[in-house]
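# An overview of the molecular structure
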Amino acid sequence: GAGMGSFLGTPAPKTFSEQLRRNGMGSFSLELSLFVPLVLFYLLFVFLLGGIASVLLPAFTFSGISVLYLFCTALCFATYTQLIFSVMKNTGRGILLFVFLGLLMIIVGGGFLPYAFLPNVCSGLTPYLSLSACLAGFRKLAGGIVTLNDSLLLLVHGLLLFGALMASSAFCRKEGRA
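Just so it is clear, the model here is predicted, and its values are computed rather than measured.

### Examining the pattern of salt bridges
According to the stated counting rule, one finds 1 salt bridge in the structure shown. Among the ionic pairs, K140 bridges to D150, the shortest N-O distance being 3.1 Å. Highlighted residues: K140 in helix α7 (residues 130-143) and D150 in helix α8 (residues 148-175), separated in sequence by 10 residues. By relative accessible area, D150 is classed as buried at 12%.

Below you can see the structure in the form of structure tokens.
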């Protein structure tokens, strides 16, 4: 994700963005042209991971709910990655923030330590972190009990992140940063 994000962190050349504006394509089209390959990258990665899991874990099967969950996971990860790299000015800062926030969400979401060892504040923040929702869904997916609610929760997280991405894109373009 960070490697694909480093591609996103490089600003579009002025001639390219000027050509897009002349042809009637605004910042939304530019963000979408960067977002679609990122979603495809994460879809490939997540379904490859799901294929490996179906071989190694007997409880994991490719059902409609599990495919929907994997798609929502890819959409959420892609939106998170593009949001981070759209906000940062350069690739190095984007990678640092990407890794730092990812580790923070894994720690707060109970990825390293069980909730019993974490402060109560962490368990209160867990429902609002997209990565902790992904971890909880992956735990259920490995056990074969992922539900539609898990997919919808990730879809809501992805849509909220996408809204933040569009707002930050409009703000950054208005400021003249990108």
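### Things to note about a nonpolar patch on the surface
A cluster of nonpolar side chains, namely I95, V99, L103, I107, F112, L113 and F117, defines an oily patch on the protein surface of about 650 Å² accessible area. Tracing the backbone through its elements, the reader meets V99 in helix α5 (residues 91-108).

### Digging into α7
In this model α7 runs 20 Å from its N-terminal to its C-terminal C-alpha over 14 residues, within 8% of the 20 Å that 1.5 Å per residue would give. Of the positions making up α7, those classed as buried are S130, L131, S132, A133, C134, G137 and L141.

### As for the packing of helix α4 (residues 64-87) against α5
Interaxial distance between α4 and α5 falls to 8 Å at its minimum, and their mutual angle equals 135 degrees. Put simply, α4 runs oblique to α5. Helix-helix and strand crossings are classified by hand; for α4 and α5 the assignment is right-handed. For the pair α4 and α5, contact is made by Y80, T81, I84 and F85 and by T91, G94, I95, L97, F98, L101, G102 and M105, respectively. The residue inventory of the contact of α4 with α5, partitioned by class, reads 8 nonpolar, 4 polar and no charged.

### Comments concerning α5
Quick reminder: α-helices carry 3.6 residues per turn. Residues three or four places apart thus point the same way. An ideal rise of 1.5 Å per residue puts 26 Å on 18 residues; α5 measures up with 25 Å between its terminal C-alpha atoms. Here α5 has its buried residues at G94, F98, G102, M105 and V108. One face of α5 carries all of its buried residues, which in axial projection span an arc of 135 degrees. Those residues of α5 that are exposed and aimed more than 90 degrees away from the buried face are L96 and F100.

### Here's the deal with the packing of α5 against α7
One can describe the packing of α5 onto α7 by two numbers: an axis separation of 8 Å at closest approach and a directional angle of 55 degrees. When the axis of α5 is compared with that of α7, the two are oblique. Considering only the axes of α5 and α7, their crossing is right-handed. Along its contact with α5, which presents G102, M105 and I106, the element α7 presents S130, L131 and L135. Tallied by class, residues from the contact of α5 with α7 come to 4 nonpolar, 2 polar and no charged.

Conventions and cut-offs
Residues numbered from 1 in each chain as written. Predicted model: local features only at pLDDT ≥ 70, side-chain atom pairs only at ≥ 80, totals over all residues. Heavy atoms only, no water. Salt bridge = Lys/Arg side-chain N within 4 Å of Asp/Glu carboxyl O. Helix = DSSP H or I, 4+ residues; strand = E, 2+ residues; numbered from the N terminus. Buried < 20%, exposed > 50% of the residue type's maximum accessible area, 1.4 Å probe, protein only. Patch = residues over 30% accessible without salt bridge, like charges linked within 9 Å, V, L, I, M, F, W, Y side chains within 5 Å. Areas by Shrake-Rupley, 256 points an atom, 1.4 Å probe, with all protein chains shown as cover. Expected span 1.5 Å × (residues − 1). Axes fitted to C-alpha atoms, helices over the stretch in contact; angles between N-to-C directions. Parallel < 35°, antiparallel > 145°, perpendicular 65-115°, else oblique. Left-handed = near helix turned anticlockwise from the far one by under 90°. Contact = heavy atoms within 4.5 Å. Nonpolar A, V, L, I, M, F, W, Y, C, P; charged D, E, K, R; others polar. Arc of directions from axis to C-beta.

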